[in-house]
Amino acid sequence: VTANPGYEITKVTVTMGGVEVADAYDAATGKIAIAAVTGDLAIQVETVRVLKVTTELNHAALSIEITEVLGNQPYENTVTADAGYEVSKVTVTMGELLVLNAYNATTGKISIAAVTGDLTIQVETVAIDTSNLLVNGAFNRGETGWGKNGHFTAGSVENGALVVSTTKTSTGDAIFYQGMN
């Protein structure tokens, strides 16, 4: 038994004389074998569409890199921006239709309850501008601060200067911080 192109076999049921024949189908070889036929045979094959997943990632990655997904199955993935970038826009289309609310910007997760068409995931990012990050005062590694549109976490202090390990700020932000010594 072989599935048509674009489909995958999910289940094969063989009955003989109205009774199911256990282990008659070998999924590894696709062959059906019955030692002795003693009645009418019925073979039922169930398939599911194999759908393509295409990604267009700009300075970003997905937690699971796959190129196919089974039809009518859920799809979940997490978007992560490369260092020095933040996600600005995620667009998900299924078939030719835009999937609204598939991406949660707070969690970074893409969730689709049941995939019914080929998926295209487009992730756009913007470089994080840290040129305006001026901090006066002393603070310790791991302490946090915030600006109008984001936050930073102190990575280390070298020669009295802040080395930022993570940042989400925008040009023109006034930076405030907590944990001053």
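Quick caveat: nothing in here was measured; it's all calculated off a predicted structure.

Rules behind the numbers
- Residues numbered from 1 in each chain as written.
- Predicted model: local features only at pLDDT ≥ 70, side-chain atom pairs only at ≥ 80, totals over all residues.
- Heavy atoms only, no water.
- Core = buried A, V, L, I, M, F, W, Y, C linked by side-chain atoms within 4.5 Å.
- Buried < 20%, exposed > 50% of the residue type's maximum accessible area, 1.4 Å probe, protein only.
- Helix = DSSP H or I, 4+ residues; strand = E, 2+ residues; numbered from the N terminus.
- Contact = heavy atoms within 4.5 Å.
- Pairing = 2+ DSSP bridges.

## What to know about the nonpolar core
Core analysis: the largest hydrophobic core is formed by 18 residues, its most contacted members being Tyr75, Val92, Ile110, Ile112, Val115, Leu119 and Ile121. When residues of this core are traced back to their parent elements, those giving at least two are strand 5 (41-57), strand 6 (60-62), strand 8 (75-81), strand 9 (85-94), strand 12 (109-112) and strand 13 (119-127). Not counting the four nearest positions on each side in its chain, isoleucine 121 is found in contact with Val53, Thr54, Thr55, Glu56, Leu62, Tyr75, Thr91, Val92 and Ile110. One finds Val12, Val14, Met16 and Ala24 within the second-largest nonpolar core, a separate group that totals five residues.

## Side note on unusual backbone geometry
Look at aspartate 23: it is not a glycine, yet its phi comes out positive at around 60°. Among the secondary structure elements, aspartate 23 is positioned in the loop between strand 2 (19-20) and strand 3 (25-26). Despite not being glycine, histidine 59 shows a phi value in the positive range, around 55°. Its location among the elements puts histidine 59 in the loop between strand 5 and strand 6. For histidine 59, a relative accessible area of 35% gives the class partly exposed.

## Some remarks on the sheet that holds strand 6
Pairing within the open sheet is antiparallel, and its four strands lie in the order 6-8-12-11. Strands at the two margins of the open sheet, each flanked by one partner only, are strand 6 and strand 11 (103-104). Pairing between strand 8 and strand 12: four bridges, direction antiparallel. For glutamate 76, the partnering residue across the bridge sits in strand 12 and is serine 111.

## Digging into the pairing of strand 5
Working note: regular strand, side chains alternate between the two faces of the sheet. Strand direction decides the pairing type here: strand 1 (residues 7-16) and strand 5, joined by nine bridges, are antiparallel. The residue bridging methionine 16 from the neighbouring strand is leucine 41, located in strand 5. With three bridges joining them, strand 5 and strand 7 (residues 68-70) adopt antiparallel strand pairing. Bridge pairing in strand 7 links valine 50 to leucine 70. Examined bridge by bridge, strand 5 and strand 13 share five bridges and lie parallel to one another. Paired with threonine 54 across the strands is threonine 120, a residue of strand 13.

## A word on the pairing of strand 8
Two strands pair when backbone bridges link them, and strand 6 and strand 8 are joined in this way by three bridges, in the antiparallel orientation. Its bridge partner being in strand 8, leucine 62 is matched across the sheet by valine 79.

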